[in-house]
Amino acid sequence: MEILTGNELTSGATVYLDGQGNWIEDLQAARLFSKEDKAELDSAIVATKATGRVISLEAEEVEQVEGRVVPKRLRERIRAAGPTAPLTLNGQAYDRQHLGEDGHVSI
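Cut-offs used in this document
Residues numbered from 1 in each chain as written. Predicted model: local features only at pLDDT ≥ 70, side-chain atom pairs only at ≥ 80, totals over all residues. Heavy atoms only, no water. Helix = DSSP H or I, 4+ residues; strand = E, 2+ residues; numbered from the N terminus. Buried < 20%, exposed > 50% of the residue type's maximum accessible area, 1.4 Å probe, protein only. Polar contact = N/O pair within 3.5 Å; in protein donor to acceptor, adjacent residues only side chain to side chain. Contact = heavy atoms within 4.5 Å. Pairing = 2+ DSSP bridges. Salt bridge = Lys/Arg side-chain N within 4 Å of Asp/Glu carboxyl O. Core = buried A, V, L, I, M, F, W, Y, C linked by side-chain atoms within 4.5 Å.

**Q** So what about the side chain of Thr 5? Which residues, and what values?
**A** Its place among the elements puts Thr 5 in strand β1 (residues 2–8). Judged by its relative accessible area of 1%, Thr 5 falls in the buried class. In terms of polar contacts, Thr 5 uses its side chain to reach the backbone carbonyl oxygen of Val 15, at 2.9 Å. When near neighbours in sequence (up to four residues on either side) are disregarded, Thr 5 contacts Thr 14, Val 15, Tyr 16, Trp 23, Ser 56, Leu 57, Glu 58, Glu 60, Glu 76 and Arg 79.

As structure tokens, this is what we get:
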């Protein structure tokens, strides 16, 4: 199984394509593509590139473990969970960027 992932252009947020064609932050709600869905995955990549909104598109291999989607690569597990070290500036902690209600992050 594979998922389609990338980074939202204006924020850099890690996003995943869901079953309705929306880009979301929740890995667990990402659409799972089987090997038989290769044409649909390729079409989704082409359509997304045309918008210019999501960059660094990648199809990532995942598996389901106890009902949860788990990326096979460590890199993708880190991207899904967020930074491995706290983001701080002058002692103030910052959260990672998130999509707003309209699907974009304000800049």
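**Q** Help me get a handle on the pairing of β1, residues and values and all.
**A** With six of seven residues buried, β1 lies mostly within the body of the structure. In the sheet, β1 pairs with strand β4 (residues 54–65) via six bridges, with the strands oriented antiparallel. Pairing of Asn 7 across the sheet is with Ile 55, part of β4. With three bridges joining them, β1 and strand β2 (residues 14–17) adopt antiparallel strand pairing. By the bridge assignment, Thr 5 is partnered in β2 with Tyr 16. Between the antiparallel neighbours β1 and β2 lie five residues, among them Gly 12 with a positive phi of about 85°.

**Q** Explain the pattern of salt bridges to me, and be specific about the residues and the numbers.
**A** In total, this model carries nine salt bridges according to the counting rule given. Salt-bridge contacts for Glu 61 lead to Lys 72; the nearest nitrogen and oxygen are separated by 3.7 Å. Of the two residues, Glu 61 is situated in strand β4 and Lys 72 in the loop between β5 (68–71) and α2 (74–81); the sequence distance between them amounts to eleven residues. Since its relative accessible area comes to 45%, Glu 61 is described here as partly exposed. Residues joined by salt bridges that share partners form a network here, namely Glu 58, Glu 60, Arg 73, Arg 75, Glu 76 and Arg 79.

**Q** Can you break down the nonpolar core residue by residue, with the values?
**A** Most often, soluble globular proteins keep nonpolar side chains buried together rather than apart. One finds Leu 4, Val 15, Leu 17, Trp 23, Phe 33, Leu 41, Ala 44, Ile 45, Val 54 and Leu 57 forming the largest nonpolar core, which totals ten residues. Per element, the largest residue contribution to this core is three residues, and it comes from helix α1 (residues 38–51). For Leu 4, the contacting residues outside a window of four places in its chain are Val 15, Tyr 16, Leu 17, Trp 23, Phe 33, Leu 41, Ala 44, Ile 45, Leu 57, Glu 58 and Ala 59. Formed by seven residues, the second largest nonpolar core is a distinct cluster that contains Tyr 16, Leu 27, Ala 30 and Val 62.

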